[in-house]
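Analysis of the macromolecular model
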Amino acid sequence: MDAQVSAGQVPKIAARNVSRIYQTVDGDMVAVDDFSLDVTDGEFVCVVGPSGCGKSTFLRMIAGLDTISAGSIQIAPGGVPGKPLNSVVFQEYAIFPWKTVIDNVAFGLEMRGIARKERLETARYWLDRVGLGKFAGYYPHQISGGMKQRVSIVRALANDPEVLLMDEPLGALDAQTRVVLQEELLRIWEETRKTVVYITHSLDEAVLLGDRVILMTAQPGRHLATFDIDLPRPRSIETANTPRFVEHRALIWEKLSQEVKRAMEQNQ
Amino acid sequence: MRATPETIVPFRAKGFAPRSNPVMGAASIAALVGLWQLGSSLGWISPVFLPAPHEVAGAIYRMAVSGELWRHLSVSLWRIVLGWTLGTVVGVAAGFAMGLFTLARSPMQAFVGILFPVPKIALVPLFIIWFGIDEGSKIATIAIGVFFPTVISTAAGVEAVQKNLIRLGQSFNLSRWSIITKIILPGALPSILAGFRITLSVSILLLVAAEMIGAQEGLGAYIIRAGDLFQTDSLIGGVVILAALGLLFVGLLGLAERRLLRWR
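Definitions and cut-offs
- Residues numbered from 1 in each chain as written.
- Chains lettered and ligands numbered in written order.
- Predicted model: local features only at pLDDT ≥ 70, side-chain atom pairs only at ≥ 80, totals over all residues.
- Heavy atoms only, no water.
- Salt bridge = Lys/Arg side-chain N within 4 Å of Asp/Glu carboxyl O.
- Helix = DSSP H or I, 4+ residues; strand = E, 2+ residues; numbered from the N terminus.
- Buried < 20%, exposed > 50% of the residue type's maximum accessible area, 1.4 Å probe, protein only.
- Pairing = 2+ DSSP bridges.
- UniProt positions renumbered as here; feature names shortened; annotations may be inferred.
- Domains from an automatic or database assignment.
- Contact = heavy atoms within 4.5 Å.
- Buried area = accessible area lost by both parts, 1.4 Å probe.
- Polar contact = N/O pair within 3.5 Å; in protein donor to acceptor, adjacent residues only side chain to side chain.
- Nonpolar A, V, L, I, M, F, W, Y, C, P; charged D, E, K, R; others polar.
- Phe/Tyr/Trp six-rings, centres within 6.5 Å; stacked < 30°, edge-to-face > 60°.

**What to know about the pattern of salt bridges**
Scanning the entire structure with this criterion turns up 26 salt bridges over all chains. The salt bridge involving R116 of chain A is made with D103 of chain A; its shortest N-O contact spans 3.9 Å. Placement of the pair is R116 of chain A in helix 4 (residues 116-129) and D103 of chain A in helix 2 (residues 101-105), with a sequence separation of 13 residues. Close ionic contact of R71 of chain B with E217 of chain B constitutes a salt bridge, the shortest N to O distance being 2.9 Å. With R71 of chain B in helix 3 (residues 68-100) and E217 of chain B in the loop between helix 8 (176-211) and helix 9 (219-228), this residue pair connects regions lying 146 residues apart in the sequence.

**As for the pairing of strand 8 (residues 212-216) of chain A**
Residue and element names in this part refer to chain A. When you tally the buried positions in strand 8, you get five out of five residues, the bulk of the element. Taking every second residue as pointing to the same face, both faces of strand 8 are buried, with R212, I214 and M216 on one and V213 and L215 on the other. Both strand 3 (residues 44-48) and strand 8 contribute to a ladder of four bridges, which runs parallel. Note on strand 8: the bridge partner recorded for V48 is L215. Relative to strand 9 (residues 223-228), strand 8 runs antiparallel, the two sharing five bridges. Within the sheet, the bridge partner assigned to M216 lies in strand 9 and is H223.

**A few points about the UniProt feature "transmembrane region" (unreviewed entry) in chain B**
Residues and elements named next belong to chain B. In the numbering used here, UniProt assigns the "transmembrane region" (unreviewed entry) feature to residues 21-39, 77-103, 110-133, 139-162 and 235-256. Helix makes up 58% of residues 110-133 and strand makes up 0%, while its end C-alpha atoms are separated by 30 Å. In the segment residues 235-256, helix accounts for 100% and strand for 0%; the C-alpha atoms at its two ends are 32 Å apart.

**Quick word on the domain arrangement of chain A**
Residues and elements named next belong to chain A. As far as domains go, chain A holds domain 1 (1-85 + 162-268) and domain 2 (95-160). Here the C-alpha centroids of domain 1 and domain 2 sit 26 Å apart. At the junction of the two partners, domain 1 supplies 19 residues and domain 2 supplies 13 residues. Interface of domain 1 and domain 2: buried area, both sides summed, is about 1,300 Å²; carbon and sulfur atoms make up 63% of it. Inspection of the region where domain 1 meets domain 2 yields four salt bridges. Between D160 and K194 there is a salt bridge, with its nearest N and O atoms 2.8 Å apart. Between domain 1 and domain 2 we count five residue pairs in polar contact (both at pLDDT 80 or more) in total. Secondary structure elements with two or more residues in the side of domain 1 that touches domain 2: strand 6 (163-167) and helix 6 (175-192). By residue number, the principal contributor to the side of domain 1 that touches domain 2 is helix 6, which donates nine residues. Among the residues making up the side of domain 1 that touches domain 2, the classes are represented as 10 nonpolar, three polar and six charged.

**Digging into the pairing of strand 3 of chain A**
Taking burial as the measure, the five residues of strand 3 of chain A include five buried ones, the bulk of the element. Residue alternation in strand 3 of chain A divides its side chains into two sets, F44, C46 and V48 of chain A and V45 and V47 of chain A, and both sets are buried.

**Describing the packing of aromatic side chains**
A full pass over the atoms with the stated rule returns 15 aromatic pairs over all chains. Ring plane angle 80° and centroid distance 5.4 Å describe the contact between Y125 of chain A and W126 of chain A, whose orientation is recorded as edge-to-face. For W126 of chain A, a relative accessible area of 9% gives the class buried. An aromatic cluster is built from F96, W98 and F107 of chain A together with F172 and W263 of chain B, whose rings are joined through pairwise contacts.

**Side note on the environment of G79 of chain A**
Residue and element names in this part refer to chain A. Tracing the sequence through the fold places G79 in the loop between strand 4 (70-75) and strand 5 (86-89). Residue G79 is classed as exposed on the basis of its relative accessible area of 77%. With 83 residues separating them along the chain, G79 and E162 place their C-alpha atoms 9.8 Å apart.

Here it is, written out as structure tokens:
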């Protein structure tokens, strides 16, 4: 399909002909249908589609949190032994209310048996990078939604996974906070160059963040189109005001809007 | 438009916000005891019907000096500690099983549903046959009375743990055991501790009920004997000590909650 991999290079994530079928009382429901995606090392791929198209299901299958009905997904291990294959950032604030901010960030490291001093140093480093250094000792109920989501994002990064899987991480935030976090994500990603699969329903967000935008069809989720986003990096929120950005978005929206309309008619 | 009384919307969002005031709580108890003392001193309350507070205090004092208080209290405390701990340990384990495993869930629900509403006091004679007239039946009565509310509050707490936190743990490759100890246990703790609030008072209730049959020692036996002899000052003295015991338990639990649930 759209496996854009240069010869000889092993993709970081190789999803081949993946399907997910749920058994329901009304018979089989195909959530994801024959979906393939290769992600190269250090690539930021955004998956966009109408709501209910199975994009989150696809991400959960990569993360090993949902079963694969057909096909296969592989993540290539890196050179460092013991390094986790993936970390997930969920849409809802999946942070532990009984742990302080810094202990939340250090959680993945703690579970891997890394010594307290070392894991707190790493957590401190990441908290400082997103401006949460002085909230290290706070409990989650004392901080805002935007801060909570920053905590989940740096918790995933502190764990230093091979790939970062993000399931609409900014979906629950208000518009202004979202813009601030988009900019932070851009800054951090451009420094770390992690391999990222990013699920979003916001086309603007996908074009702003991604190297590639994958469109999925409405249920069942199939591959609809792939767009390479050749906007120069480093990008910032200003990038969204450039003519190239607007062109990209218009082109993708044309394709996506047809699909959204088709999905709405289908549901009637 | 000019601001006239007709054009100004008055503030209406008043009331429906009661506040706590510990001083008012203590003062109302003091006031009640004061009224009681006054009524007795003025001869409005018959001493046989209800002895004056100073007579009750005197009964407690005599009980303390003679060593009777400590003898009864230590026996009762021992029964509560043993019975409550036993019921709690087994109850928490069963609550976790009910909240975690399909195999345990429905059988346990049926079991708890049938037996929880049964008054455990009605079972005391049966427990005497099963576990003996001595310590066995008393500890069993308390343990079983504590068991059911503990199962219910623990299972409810386990079920209330956010699924996304469990998924998160799985995404970090945690073992089943780690998810239970690192995520489900702390998540269920508020509900488990709320259950303790109930079971601590249940254990005092059942202690007295169990000690009313075939017990020589213990606060329950002491109260029953005082009643048989129409020693109402000793009877109320025993009740005051039970109330103090309840207060002590609530205080200890409050301390535990402040320590364990600091994050709330």
